[in-house]
Amino acid sequence: MCGIVGILGNKPVAQRLIDGLKRLEYRGYDSAGIATLESGLLHVCRAQGKLVALQSAFDSSPIIGNLGIGHTRWATHGVPSEVNAHPHVSSKVAVVHNGIIENYAHLKEALIKKGHAFVSQTDTEVVTHTITDYLNQGLSPFDAFKASLKDFHGAYALAILIKDTPDTLFVARRGSPLVVGFGDGETYIGSDALVLAPWTKQLCYLEEGDYAILTPEKAMFYNEYGQSVDRPIKTISINADAVTKGGYDHFMLKEIFEQPTAVKETVESLIDPVSERLKLPVDVDWNAITKITMVACGTSYFSTAVAKYWFEMIAKLPVEVDIASEFRYRESPLPKGGAALFISQSGETIDTLEAMKQAKEMDQTTIVVVNVPESSMDRLADYSFHTKAGPEIGVASTKAFTCQLAVLATLCLDAAIKRGVLSDVEAKEYAQQLLNLPNEIYGILQKESDYQQVAETLKPARDALYLGRGTSFPIAMEGALKLKEISYIHAEGYAAGEMKHGPIALIDQLMPVIVLAPFDKWMVKTLSNLQEVIARGGIAICFTDRIGREHIQKDQIPTQIVEMPMTHLMTAPILYAVPMQLLSYYTALLRGTDVDQPRNLAKSVTVE
Ligand code: M6R
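Being a predicted model, the structure only gives us computed values, none of them experimental.

**Some thoughts on the environment of Ser 300**
And step 1. The topology assignment puts Ser 300 in helix α9 (residues 298-313).
And step 2. Between the C-alpha atom of Ser 300 and that of Leu 516, which follows or precedes it by 216 residues, the distance is 20 Å.
And step 3. With residues near it in sequence (within four places) discarded, Ser 300 still touches Ile 343, Ser 344, Gln 345 and Gln 404.
And step 4. At 3.0 Å, the side chain of Ser 300 and the side chain of Gln 404 are in polar contact.

If you want it as structure tokens, here you go:
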């Protein structure tokens, strides 16, 4: 949430800051702003709303300078408005911030008593006034910056311009990510590697509690105890083209259509396509593990919910799954020496990251499945497995999800083989199915008109119900989440067998019911639940395969069918996720909502 960028340049930075913010807009789009420091003067340009508004404010009143900071906001404290937009500026200081200063009310009260006048409702403005206050007391800019950090409780990535220090940027990190990049006579900062991608590949990540002073030529890093430290510079290559729509109308559609390639790269990074044998980058001792606790948020949580079925049914390993924000405060006693597995596209989601830290404190072996290399979770986990989805910009997660499932399926095979519960022949069969996934996904993507037709049914609905059993249950929940977040139709994903315990009361002509029924051990029961919907006058659309169609026709169930390919235990949830994505996409298009930047949401959730 919120993206920050900074450039210490040898040429004007303002337009480049706005260009950088375009690559960060997925982190928040309530307001945006930039500030520059030039000849001892601070210049600011801010606007409410998306970046186009900032661009037009800048075009009509450009600001100058070779040193500057920028921010795109996801509102926490204070409504989206120009006055609450960052940078927050005093006569001496300009600040951009990602995170929450939790003790801001207390600090604000004390600063107001000292005569500071606040103009915004944000927590961030206390940072500006705290530093200004220390400067007023006669502290040097560096000492004022350092002293202020001790006052702030909560999470922050901060970038600060101080009027009397030309060519210098002060930055700090606690709880929110921050990366420094080194170019030719220029230095950059950003919330992630993607924002810096067109400028440099030479990156250095601040560790938790670090702060730094940057000039165009160098960076000096300090740890949380104020000791000068070296932080390694890594060469990180990210394709900046990922931040273009590449001819598609929306990032989400582009990312849905990238799935055959993304899943192929992910699967083939873990399974040799020739020998069809696993080739995992790290060796997890699954025999030493008696239970796995899997923790994540949102769509990533639904991958854990699918993986639970796989690990328990195939690897015979008990799994508990939990939502990170609940896990953290549940005080769940974890077995000594157990394993905790975390899933995250961004690797920065604060709830999941904090849950991982807690699991480490509880002596768990931590494993992460993550899409962003060098993200906080990637660096913190004992074992990391990377999804090869590439940058995901659309707020609704699509390709990251199917790649997460591909990694989890492979980890499950690894566990089952090592635990001696899967024969070589069975392992090879599963491996072949996973290697064939890209072709199957490609085939599903070609049936766009089927999903467009179902979207017409969903378009006028106020509510929708998604039903599935077994591994289709989490996909029902994922389908419902996709629909909610981009079309604003209220939707619930339910275990099909649970419908009769309550939600069945909702069935009527106005609420479409999406039923997921691949041929598996649950299919016949799911089709009975479909009959229950029809018997009560409901409208149902059933995603099933050839065998499901035959059952439906034999039983003369009057339902719309979308025919899927025949699937297996491991491939069904991955393949059925794809039409759920397209269904929500086309429904959102018909309803005219903002597909890539749905209201109130942000891609990377770095506040609790
Ligand atoms: O980056 P993460 O995978 O940790 O993010 C978790 C959720 O915030 C994310 O999946 C969210 O639910 C998506 N908007 C769903 O499409």
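**Some details on helix α17 (residues 472-487)**
And step 1. Given a rise of 1.5 Å per residue, 16 residues ought to cover 22 Å, and the 22 Å separating the end C-alpha atoms of α17 matches this to within 8%.
And step 2. The element α17 is largely enclosed, with a buried count of 13 among its 16 residues.
And step 3. Looking one or two residues beyond α17, the residue adopting positive phi is Tyr 488, at roughly 65°.

**Observations concerning the site of the ligand**
And step 1. Not every one of the 15 residues close to the ligand is listed here, only the nearest: Ser 300, Ser 344, Gln 345, Thr 349 and Glu 485.
And step 2. One of the side-chain N or O atoms of Ser 346 is found 2.7 Å from an oxygen atom in the ligand.
And step 3. Here Glu 485 contributes a side-chain N or O atom positioned 2.4 Å from an oxygen atom of the ligand.
And step 4. Protein contact buries 91% of the 410 Å² of open area that the ligand shows by itself.
And step 5. For the shell around the ligand, the secondary-structure elements that each account for two or more residues are α9 and α17.

**Points about the packing of α9 against α17**
And step 1. Remark: α9 packs on α17, axes separated minimally by 8 Å, with the N-to-C direction vectors making an angle of 170°. Classified by the angle their axes make, α9 and α17 are roughly antiparallel. Contacts between α9 and α17 involve Gly 298, Thr 299, Phe 302, Ala 305, Val 306 and Tyr 309 from the first element and Phe 473, Pro 474, Ile 475, Met 477, Glu 478, Leu 481 and Lys 482 from the second.

**Brief notes about the domain arrangement of the protein**
And step 1. In terms of domain boundaries, the protein breaks down into domain 1 (3-241), domain 2 (244-445) and domain 3 (447-592).
And step 2. Between the C-alpha centres of domain 1 and domain 3 the distance comes to 46 Å.

**Thoughts on the packing of aromatic side chains**
And step 1. Enumeration over the complete set of coordinates arrives at 12 aromatic pairs.
And step 2. Both rings, one in Phe 145 and one in Tyr 211, keep their centres 5.9 Å apart while their planes meet at 80°; by these two values the pair is edge-to-face. Of the two residues, Phe 145 sits in helix α5 (residues 141-151) while Tyr 211 sits in strand β12 (residues 211-214), which places them 66 residues apart along the sequence. For the residue pair Phe 145 and Tyr 211, the accessibility class agrees, reading buried in each case.
And step 3. Ring geometry for Tyr 188 and Trp 199: centres 5.2 Å apart, planes at 25°, overall stacked. Separated by 11 residues along the polypeptide, Tyr 188 in strand β10 (residues 187-190) and Trp 199 in the loop between α6 (193-196) and β11 (202-205) bring together distant segments of the chain.
And step 4. The class of Tyr 188 is buried, set by a relative accessible area of 4%.

**Points about the pattern of salt bridges**
And step 1. Summed over the entire model, instances satisfying the criterion amount to 32 salt bridges.
And step 2. Of the charged contacts in the structure, one is a salt bridge between Asp 463 and Arg 462, with a shortest N-O distance of 4.0 Å.
And step 3. Residue class for Arg 462 comes out exposed when judged on its relative accessible area of 69%.
And step 4. For Lys 554, the salt bridge is made with Asp 555, and the minimal N-O distance between the two is 3.6 Å.
And step 5. The exposure class assigned to Asp 555 is partly exposed, which follows from its relative accessible area of 37%.
And step 6. It is possible to trace a salt-bridge network through shared partners that takes in Lys 291, Glu 320, Asp 322 and Arg 330.

Cut-offs used in this document
- Residues numbered from 1 in each chain as written.
- Predicted model: local features only at pLDDT ≥ 70, side-chain atom pairs only at ≥ 80, totals over all residues.
- Heavy atoms only, no water.
- Helix = DSSP H or I, 4+ residues; strand = E, 2+ residues; numbered from the N terminus.
- Contact = heavy atoms within 4.5 Å.
- Polar contact = N/O pair within 3.5 Å; in protein donor to acceptor, adjacent residues only side chain to side chain.
- Expected span 1.5 Å × (residues − 1).
- Buried < 20%, exposed > 50% of the residue type's maximum accessible area, 1.4 Å probe, protein only.
- Near = heavy atom within 4 Å.
- Areas by Shrake-Rupley, 256 points an atom, 1.4 Å probe, with all protein chains shown as cover.
- Axes fitted to C-alpha atoms, helices over the stretch in contact; angles between N-to-C directions.
- Parallel < 35°, antiparallel > 145°, perpendicular 65-115°, else oblique.
- Domains from an automatic or database assignment.
- Phe/Tyr/Trp six-rings, centres within 6.5 Å; stacked < 30°, edge-to-face > 60°.
- Salt bridge = Lys/Arg side-chain N within 4 Å of Asp/Glu carboxyl O.

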